[in-house]
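What follows is each chain in one-letter form.
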Amino acid sequence: MSLKKVLLTALLVLSVALVGCGSDKAAKQDKVLKVATSPDFAPFAFTEEKSKEYVGFEMDLIKAIAKQMGTKAEISNISFDGLIPALLANNVDLAISGVTITPERQQKVDFSQAYYRSGLSIMVRTENNEIKSFKDLAGKKVAVQIGTSSATAAKNIPNATVREFNLVPEVVMELQNKGVDAVINDLPVNQYFLATTKTKDVKLVGELLSTEDYGIMVNKGNKKLLEQINKAMDELKKNGEYDKIYKKWFGELKK
Ligand code: ARG
């Protein structure tokens, strides 16, 4: 072999090794799951006061899913109506945020299997004895969160004035401050609020307005990630981990 050939071969081996290193690193970085959530939705996702960490049922669930997938979840705070845009812009890999699986959203994104059965409920101030059901909301002032299924439901109330807010705590505060007559919001969130604050100011009224299932959103066509998420979730449901997380946040409440 000529010296030239030896050098060339050596160069080739070296560059293959270098390329190998590079892609290895990239693969590892890719593995971090970029997760978006709107942490205004206790007990699903909210900011713990002391630690400033994002906690809740969904935070535990997504961390467990990531672990099952052999990776880690990196969580960013994105407002609820910014979740789908963040996905479409490829800023995140997935969104988990009490997002109801709806046909309208399925036009834009794909959903994992459902992980929580929910529904919409009405909350009013305790002294209000006039509003007892959805039909009593006609002509009233109602607060909801922007971009939610509650906002869609509120648009069907005849002659109502609907006020939309960015964050769920703002919606509830508006009711307490007498800015509106009622709030429409997901039942488990209203229940958790009542149970943890022990407030006597507001109460739940009427029946559930809907039955809704929460799913994890990924970009449309991201089959690989969707399959990994669904598989991880199957595993967590089978091995008792899902039940453990469920019990931690909802006690013995029915599923
Ligand atoms: N489930 C409702 C919806 O999908 C409300 C979700 C609100 N989530 C939140 N993190 N604030 O429209």
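Residues numbered from 1 in each chain as written. Predicted model: local features only at pLDDT ≥ 70, side-chain atom pairs only at ≥ 80, totals over all residues. Heavy atoms only, no water.

K.L.:
Can you help me understand the site of the ligand in this one?
P.N.:
Lining the immediate environment of the ligand, one finds 14 residues, of which Asp40, Gly98, Arg105, Ser149 and Asp186 sit closest. The separation between an oxygen atom of the ligand and a polar side-chain atom of Arg105 is 2.7 Å. In this structure, Gln145 approaches the ligand through a side-chain N or O atom, which is 2.8 Å from a nitrogen atom. Contact with the protein chains covers 100% of the free accessible surface of the ligand, which is 350 Å². When its residues are assigned to classes, the shell around the ligand shows four nonpolar, seven polar and three charged. (Near = heavy atom within 4 Å. Polar contact = N/O pair within 3.5 Å; in protein donor to acceptor, adjacent residues only side chain to side chain. Areas by Shrake-Rupley, 256 points an atom, 1.4 Å probe, with all protein chains shown as cover. Nonpolar A, V, L, I, M, F, W, Y, C, P; charged D, E, K, R; others polar.)

K.L.:
Would you explain the nonpolar core in this entry?
P.N.:
Among the nonpolar cores identified, the biggest contains 45 residues, and Phe57, Ile65, Leu94, Ile96, Tyr115 and Ile216 are the most heavily contacted of them. Elements with a minimum of two residues in this core: β1 (33-37), β3 (45-47), α2 (57-68), α6 (168-176), α7 (187-197), α8 (223-238) and α9 (241-250). Ranked by residue count, the leading element in this core is α2, at seven residues. Beyond its immediate stretch of four places on either side in the chain, Ile216 contacts Ile62, Ile65, Leu94, Ala95, Ile96, Asp110, Phe111, Ser112, Tyr115, Ile229 and Met233. (Core = buried A, V, L, I, M, F, W, Y, C linked by side-chain atoms within 4.5 Å. Buried < 20%, exposed > 50% of the residue type's maximum accessible area, 1.4 Å probe, protein only. Helix = DSSP H or I, 4+ residues; strand = E, 2+ residues; numbered from the N terminus. Contact = heavy atoms within 4.5 Å.)

K.L.:
I keep staring at the packing of aromatic side chains and nothing clicks. Help me out?
P.N.:
In this description, an aromatic ring pair is defined by two values, namely the gap between the centres and the angle between the planes. Overall, the coordinates contain 18 aromatic pairs when judged by the stated rule. Taken together, a centroid distance of 4.9 Å and an interplanar angle of 80 degrees make the contact between Phe44 and Tyr116 edge-to-face. In this pair, Phe44 sits in the loop between β2 (40-41) and β3 while Tyr116 sits in strand β8 (residues 116-118), placing the two residues 72 residues apart along the sequence. For the pair shown, Phe44 and Tyr116 are each scored as buried. By way of ring pairs, the aromatic residues Phe41, Phe44, Phe57, Tyr115, Tyr116, Tyr214, Tyr242, Tyr246 and Phe250 are connected into one cluster. Directly above the aromatic system of Tyr242 lies the positively charged group of Lys237, at a separation of 5.5 Å from the ring centroid. (Phe/Tyr/Trp six-rings, centres within 6.5 Å; stacked < 30°, edge-to-face > 60°. Lys NZ or Arg CZ within 6 Å of the ring centre and 35° of its normal.)

K.L.:
It is not clear to me how the side chain of Arg105 should be interpreted in this structure. Could you clarify?
P.N.:
By the secondary structure assignment, Arg105 is in helix α4 (residues 103-106). It turns out Arg105 is buried and unbridged, and the closest side chain with the opposite charge, Glu212, is 6.3 Å from it. In terms of polar contacts, Arg105 uses its side chain to reach the backbone carbonyl oxygen of Gly147, at 3.0 Å. Discounting chain neighbours no more than four positions away, the residues touching Arg105 are Phe80, Ile84, Val99, Thr100, Phe111, Gly147, Thr148 and Ser149. (Lys, Arg positive; Asp, Glu negative; His and termini not counted. Salt bridge = Lys/Arg side-chain N within 4 Å of Asp/Glu carboxyl O.)

K.L.:
Explanation requested: the confidence of the model for the protein in the structure shown.
P.N.:
Parts of the prediction with low pLDDT should not have their coordinates interpreted in detail. When the pLDDT values of the protein are averaged, the result is 91; 87% of them are 70 or greater. Counted against residues more than four places away or in other chains, residues 11-29, with its pLDDT under 50, gives zero contacts. (pLDDT = per-residue confidence, 0-100.)

K.L.:
Sorry if this is basic, but what is going on with the sheet that holds strand β10 (residues 141-145) here?
P.N.:
In any sheet, the strands associate via hydrogen bonds between backbone groups, in a parallel or an antiparallel arrangement. Ordered by their spatial adjacency, five strands build an open sheet running β11-β10-β12-β9-β13, and the pairing between neighbours is mixed. Strands at the two margins of the open sheet, each flanked by one partner only, are β11 (161-165) and β13 (202-205). Going across the sheet, the axis of each strand differs from the next one's by a mean of 30 degrees, ignoring polarity. Relative to strand β12 (residues 182-186), strand β9 (residues 120-125) runs antiparallel, the two sharing five bridges. Its bridge partner lying in β12, Val124 is registered against Ala182. (Pairing = 2+ DSSP bridges. Axes fitted to C-alpha atoms, helices over the stretch in contact; angles between N-to-C directions.)

K.L.:
Help me out: how do you make sense of the packing of α2 against α9 in this one?
P.N.:
In the contact formed by α2 and α9, the axes pass within 9 Å of each other and the chain directions differ by 165 degrees. Classed by the angle they form, the pair α2 and α9 counts as roughly antiparallel. Crossing geometry of α2 relative to α9 is assigned as right-handed. Residues Phe57, Asp60, Leu61 and Ala64 of α2 form the contact with α9, whose own contacting residues are Glu241, Tyr242, Ile245, Tyr246, Lys248, Trp249 and Phe250. Its residues placed into classes, the contact of α2 with α9 shows eight nonpolar, no polar and three charged. (Parallel < 35°, antiparallel > 145°, perpendicular 65-115°, else oblique. Left-handed = near helix turned anticlockwise from the far one by under 90°.)

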